[in-house]
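# Commentary on secondary and tertiary structure
In case you want the letters, here they are:
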Amino acid sequence: MDLLRHLRHFVVVAHELHFGRAAELLGMAQPPLSQSIQRLERELTVELFDRSRRQVRLTTAGELLLGEAEDLLAGEGRLRNLMGQVRAGELGVLRAGVPPETPAVTLRALLDGLTTRAAGLDVELHELTTTEQVRMLAERTLDVGLVHHPVSADGLRFGAPVDVPLGVLLPRTSPLARDREVALASLAGLDLVAAPRATAPGWHDHLLAVCRQQGWRPTRVRPARNPEFLFGLVLAGGGVAVEPATVARREPRVAWRPIAGAPLAKRTSAAWPVRSAHPAASMFGQLAAEVLADAEPAPPASAGTSPPAARPWPVLFDTTG
């Protein structure tokens, strides 16, 4: 027996006290409505309406049932709405990963945007490298993440990518800092300060490949997991880093200069499992793309500086499909 359906019929008849009008409001014929009420009465083993007179009246059982039925139907509506919000990703817990170097202003914008779009969503934000995020996404211990491409992993869907032009970080006292742009070949003899390969193997290998193509083979690669350590190695001399312009804003003694020909850009996008994806994953991906694009706009081109390459790596690494 569909109790809720019969209760809905009962409530309309109880308010109208007229089977004809109630049937019209419900969009059904009167005989099926009468049968529905009779079945409800048999199920509850009580009479809900007094039909002995011309005007239909509620019995004592009917009056008591009306309030309970309305509460029950209202509760059903709230339950359906609640589950609808869960399906839409507006409620529940979202476990999200972000790269360790993500600036505080970017995190704030991301969290504020999530609050605006899904105020009931509880976001658990984790500081994780690309490698850690890919592993946790596969293990289903993370719902969505922000990864640096290229990423070699099956079973992941990617959001809209954002390409951020990269430049060279070097001490302001360096002679190279006097130039408006720096050719990678001019860095011969210097070390490269970069995140360890294990944090994002695809990106690390791509970075070194482009450096070699541009005529720079770093004397050695010096690993730096956090910005402060990276700045320390750069300021100590003998090494430079290749990073977005926003990184240099954290340290006034470091200069950022565009790379001649703009051969490098760091591509970042959201990633989440193809199967059993969290309902809020795609929304997070869209918001993250908007926040990243606003957080790190491309620097103005200098005279004689080529615009950033449209695709900083082969189509093999395209994440938009």
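Please refer to the structure placed before this passage.
Notes on the structure in this doc start here.

So, how was this worked out
- Residues numbered from 1 in each chain as written.
- Predicted model: local features only at pLDDT ≥ 70, side-chain atom pairs only at ≥ 80, totals over all residues.
- Heavy atoms only, no water.
- Axes fitted to C-alpha atoms, helices over the stretch in contact; angles between N-to-C directions.
- Helix = DSSP H or I, 4+ residues; strand = E, 2+ residues; numbered from the N terminus.
- Parallel < 35°, antiparallel > 145°, perpendicular 65-115°, else oblique.
- Contact = heavy atoms within 4.5 Å.
- Nonpolar A, V, L, I, M, F, W, Y, C, P; charged D, E, K, R; others polar.
- Salt bridge = Lys/Arg side-chain N within 4 Å of Asp/Glu carboxyl O.
- Buried < 20%, exposed > 50% of the residue type's maximum accessible area, 1.4 Å probe, protein only.
- Pairing = 2+ DSSP bridges.

For the rest of this paragraph, the subject is the packing of helix 2 (residues 19-26) against helix 3 (residues 30-44). Running from N to C, helix 2 and helix 3 point in directions that differ by 105°, and their axes come no closer than 9 Å. The pairing of helix 2 with helix 3 is recorded here as roughly perpendicular in orientation. Of the residues in helix 3, those touching helix 2 at Phe19, Gly20, Ala22, Ala23 and Leu26 are Gln30, Leu33, Ser34 and Ile37. Class assignment for the residues of the contact of helix 2 with helix 3 results in six nonpolar, three polar and no charged.

Scanning the model with the defined rule gives 13 salt bridges in all. With its nearest N and O atoms 3.4 Å apart, the salt bridge here joins Arg135 to Glu139. Highlighted residues: Arg135 and Glu139, both in helix 6 (residues 130-139), separated by four residues, approximately one helical turn. A salt bridge links Arg197 to Asp205; the nearest nitrogen and oxygen atoms lie 2.8 Å apart. On the basis of relative accessibility, which here comes to 34%, the residue Asp205 falls in the partly exposed class.

Take the environment of Arg108 next. Turning to its location among the elements, Arg108 is positioned in helix 5 (residues 104-117). The spatial distance from the C-alpha of Arg108 to the C-alpha of Val291 is 9.7 Å, given a sequence separation of 183 residues.

This part is about the sheet that holds strand 11 (residues 239-243). Taken together, the five strands give an open sheet; going across it, the order is 10-9-11-8-12, and neighbouring strands pair in mixed fashion. Whereas interior strands pair on both sides, the edge strands pair on one side only; in this sheet they are strand 10 (221-223) and strand 12 (254-258). For this sheet, the mean inter-axis angle between neighbouring strands, taken without regard to orientation, is 35°. Summarising the sheet, strand 8 (residues 167-171) and strand 12 pair through five bridges and their orientation is antiparallel. Residue pairing for strand 12: Leu170 is matched across the bridge by Ala255. Along the sheet, helix 8 (residues 227-235) makes contact with strand 8, strand 9 (191-194), strand 10, strand 11 and strand 12, crossing strand 8 at roughly 65°.

Take unusual backbone geometry next. Trans peptide bonds make up most of the peptide bonds, and negative phi angles are found at most residues other than glycine. Residue His149 is joined to Pro150 through a cis peptide bond whose omega torsion reads 5°. Tracing the backbone shows Pro150 in the loop between strand 5 (144-148) and strand 6 (156-158). In this model, Leu17 sits at a positive phi of 50°, which is unusual for a non-glycine residue. Judged by its relative accessible area of 27%, Leu17 falls in the partly exposed class. A positive phi is found at Ala262, a non-glycine position, where the angle reads about 45°. Note on placement: Ala262 falls in the loop between strand 12 and strand 13 (265-273). Residue Ala262 is classed as buried on the basis of its relative accessible area, which comes to 12%.

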